[in-house]
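Structural features, examined
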Amino acid sequence: MTMLTKSPTGIKGFDEITGGGLPHGRSTLICGSAGCGKTVFGMEFLVRGALQYDEPGVFMSFEENEEDLIKNFSSLGFNLPTLIEQKNIAVDHVFIDRSEIEETGEYDLEGLFIRLGMAIDQVGARRVVLDTIESLFSGFTNEGILRSELLRLFRWLKDKVVTAVVTAEQGRETFTRHGLEEYVADCVILLDHRIQEQIPTRRLRIVKYRGSTHGADEYPFLIQANGFSLLPITSLVLDHPASSDRVPTGIDRLDTMLGGKGYYRGSSILLSGTAGCGKTSVAAHFVDSACKRGERSFFIAFEESPKQIIRNMKSIGINLEKWVKRGLLKFHPVRPTLCGLEAHLAAIHRAIEDFKPNVLAIDPISNLVAVANIVDVKGMLLRLIDFLKTNEITTLFTDLTQGGMSIEQTELGISSLMDTWICLLSLESSGERNRALFIAKSRGMQHSNQIREFMLTDKGVQLVDVYLGPNNVLTGSARTTKEAQDKAEALDRRQELERKRSEMERSRKMFHAEMAMLQARFESEQENLQKAIDKEEALEAVLKRDRNDLGTMRKADRLIVPKSEGKDEKGDFE
């Protein structure tokens, strides 16, 4: 299967929605009302081709002369004199007086073909722009002759194997004035310049593209100092990188609520809440933390000036001014009503590409509804988020919600686009209002489900431990009273515990004292008894010895007595 060859335009965003650019070797019709950018598109197609793709081109104008074109496009940074001198581009002005055009059956464009062919051969052109075709056919009223000459022109360009851009003025009810050109061209692009709520916007739509698929939506575009800029509504594919690195929030206890490490790098964070709930302060912590790590931070302010933000943040102990001086922090202050959404988006793109930040804060995105309707704002933010995710820029968006809205509802309805959503709210109790926050969602990480009160102190945002009352979370003076009561009760418990411990210690000492007395008494009695026993044993020993001695004596006596008696018997005695 042979695929259609395409010629890249070099116009940012356009080649993406067309899958590569304009049909190579064929003609493309650019139509639209005055001031919509037809001539700019054609000239940039030639300039980008010569500078980026080594394809020389011819610009044939039927309205502006060469001198005017050079002056006009110098404001866009196109150095036409140099390109003409180097024979990368040939500019030819063909003046056609309508009164000199005679409509006959013999009329043809041979003179134009010869002149255009010479210009193509002069620079070896691969690209051609004809601006505008109405001037060429302004004297025609016969539709048959007009159609045949248009076919002949487009066929001649195709035979020359040049990629051609032909501009045409838009008709009242048709894409072109004659209503025939769009049927002859292989590709038709409609440019529109409209005013909505006093804000000008430009849109591009690809009406047809033979032999190729293409985006069919209306795409916003801008004409800026660097030329034609078209930004797609969304990325063509969802292939954003997904980093596992974490970025601290700048508030330690908020990091703890987000799994202990903060946001994922390259993620989108939404911070929503009513006026005065601390959104800007949390955003300031975020950029201040990034600057402390040596990362570049970008702060887009739609409400306050940089000096006002810097002054206000000093009241909570955050010094952003030093980061501005060191070049780590850059502010982009702008009123939303200054320009349309597309101009804002393009300005943000340019600023980010120039500064190359690691983190970005936008405060607040809800102000953009002053420029366009909610649907358009959401579409613009979707394109911005795609761009930021592609570049792995961690972005914090603040969004002002109305007091009557649910805390889990944003006016723009963009919460589904966000990776992490933190809701700030004001809690009213005991005649006072106090700030609190909770994490509505945080994709891909464990996160706390608790509502935390936070306070703006001279040391920054301080999250307070959760205090639960009988029915809800306690904040402010109610929390302070509860804390005092809890401290008093805890003190009473500690004192009672100490009393019981002291009593137990006294009992233990008394027990040991009594045990010592009993031990001493026992030992004394034991000693006395032992002495008595010893005495008795000694006496018993003496008595036993005496008894032994007595027995011995008696035995001795028995031995002596018989001898005496024997003598008496013999007559020795009486």
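These figures come from a predicted structure and were not determined experimentally. (Residues numbered from 1 in each chain as written. Predicted model: local features only at pLDDT ≥ 70, side-chain atom pairs only at ≥ 80, totals over all residues. Heavy atoms only, no water.)

Observations regarding the overall build of the chain
When you go through the chain residue by residue, the secondary structure sums to 15 helices and 22 strands. Across the chain, the fraction of contacts at a sequence separation of at least 24, relative to all contacts at a separation of at least 6, is 69%. Carbon and sulfur atoms make up 50% of the accessible area of the chain, which amounts to about 30,100 Å² in all. (Helix = DSSP H or I, 4+ residues; strand = E, 2+ residues; numbered from the N terminus. Contact = heavy atoms within 4.5 Å. Areas by Shrake-Rupley, 256 points an atom, 1.4 Å probe, with all protein chains shown as cover.)

Describing the packing of aromatic side chains
All chains considered together, the criterion is met by 8 aromatic pairs. Their ring planes at 90° and their centres at 5.2 Å tell us that phenylalanine 41 and phenylalanine 228 sit as a pair that is edge-to-face. On the criterion of sequence distance, the pair formed by phenylalanine 41 in helix α2 (residues 38-52) and phenylalanine 228 in strand β11 (residues 227-230) is long-range, its members being 187 residues apart. Like phenylalanine 228, phenylalanine 41 is buried. Measuring from ring centre to ring centre gives 5.3 Å for phenylalanine 299 and phenylalanine 331, while their planes differ by 40°; the resulting arrangement is tilted. Of the two residues, phenylalanine 299 sits in strand β15 (residues 297-301) while phenylalanine 331 sits in strand β16 (residues 329-333), which places them 32 residues apart along the sequence. Here the two residues phenylalanine 299 and phenylalanine 331 agree in accessibility, since each one is buried. Of the aromatic side chains, those joined through ring pairs into one cluster are Phe14, Phe41, Phe221 and Phe228. Above the face of the tyrosine 209 ring, lysine 6 is positioned so that its terminal group lies 4.8 Å from the ring centre. Its end group placed over the ring of phenylalanine 355, arginine 296 keeps NZ or CZ at 4.1 Å from the ring centre. (Phe/Tyr/Trp six-rings, centres within 6.5 Å; stacked < 30°, edge-to-face > 60°. Buried < 20%, exposed > 50% of the residue type's maximum accessible area, 1.4 Å probe, protein only. Lys NZ or Arg CZ within 6 Å of the ring centre and 35° of its normal.)

Some details on a nonpolar patch on the surface
Where nonpolar side chains cluster on the molecular surface, the patch consists of Phe511, Met515 and Leu518 and spans about 310 Å² of accessible area. Tracing the chain through its elements places methionine 515 in helix α15 (residues 476-570). Given a relative accessible area of 42%, methionine 515 falls into the partly exposed group. (Patch = residues over 30% accessible without salt bridge, like charges linked within 9 Å, V, L, I, M, F, W, Y side chains within 5 Å. Salt bridge = Lys/Arg side-chain N within 4 Å of Asp/Glu carboxyl O.)

So, helix α11 (residues 306-314)
Looking at α11, one finds that the buried residues are Ile309, Ile310 and Met313. Along the axis of α11, the buried residues cluster in a sector spanning 100°; they form a single face. Of the exposed residues in α11, the ones pointing more than 90 degrees away from its buried face are Lys307 and Arg311. On its buried side, α11 packs onto α10 (279-292), β15, α12 (321-325) and β16. (Arc of directions from axis to C-beta.)

So, unusual backbone geometry
A cis amide bond links aspartate 131 with the next residue in sequence, threonine 132, at an omega value of -10°. The topology assignment puts threonine 132 in the loop between β6 (127-131) and α6 (133-136). Of note, lysine 356 is a non-glycine position whose phi angle comes to about 55°, a positive value. The topology assignment puts lysine 356 in the loop between α13 (341-355) and β17 (359-363). In the Ramachandran plot, glutamate 392 falls in the positive-phi region, its phi being about 55° despite a non-glycine side chain. For glutamate 392, the location among the structural elements is in the loop between α14 (374-390) and β18 (394-400). Taking relative accessible area as the criterion, glutamate 392 reaches 34% and is therefore assigned partly exposed.

Details of the confidence of the model for the chain
On average, residues of the chain score 83 in pLDDT, and 85% of them are at 70 or above. In the predicted structure, residues 101-106 sits below a pLDDT of 50 and forms 13 contacts with residues beyond four places in sequence or in another chain. Below a pLDDT of 50 lies the segment residues 570-574, which in the model reaches 4 contacts outside its immediate sequence neighbourhood of four places, other chains included. (pLDDT = per-residue confidence, 0-100.)

What to know about the pairing of strand β5 (residues 89-93)
The buried count for β5 comes to 4 of 5 residues, which makes it a mostly enclosed element. Bridge count for strand β4 (residues 57-61) against β5 is 5 bridges, and the pairing is parallel. Across the sheet, the residue bridging to methionine 60 is aspartate 92, located in β5. (Pairing = 2+ DSSP bridges.)

Some words on the nonpolar core
What tends to happen in soluble globular proteins is that the nonpolar side chains get buried as a cluster. Ranked by size, the top nonpolar core spans 39 residues in total, and within it Leu254, Phe299 and Leu320 carry the most contacts. At 7 residues, α10 tops the list of elements feeding residues into this core. (Core = buried A, V, L, I, M, F, W, Y, C linked by side-chain atoms within 4.5 Å.)

Observations regarding the pattern of salt bridges
For the coordinates displayed, the defined rule picks out 18 salt bridges. Ionic pairing is found between arginine 115 and aspartate 92, a salt bridge with its closest N-O pair at 2.9 Å. Here arginine 115 is found in helix α5 (residues 110-123), whereas its partner aspartate 92 is found in strand β5, with 23 residues between them in sequence. Taking the shortest distance from any N to any O, the salt bridge between aspartate 288 and lysine 292 comes out at 3.3 Å. On the criterion of helical spacing, the pair formed by aspartate 288 and lysine 292 is a turn pair, its members being 4 residues apart in helix α10. Residue lysine 292 is classed as exposed on the basis of its relative accessible area, which comes to 59%. Through salt bridges with shared partners, a single network forms among Arg26, Asp186 and Arg210.

Examining the state of the cysteines
Throughout the structure, instances matching the rule amount to 0 disulfides. Take cysteine 277: it sits in no disulfide, and the sulfur closest to it among the cysteines is that of cysteine 423, at 9.7 Å. (Disulfide = S-S within 2.5 Å.)

So, α2
Between the first and last C-alpha of α2 there are 21 Å, a value that for 15 residues agrees with the 21 Å anticipated at 1.5 Å per step. Most of α2 sits inside the fold, with 13 of its 15 residues counted as buried. Of the residues trailing α2, aspartate 54 is marked for its positive phi of about 55°. (Expected span 1.5 Å × (residues − 1).)

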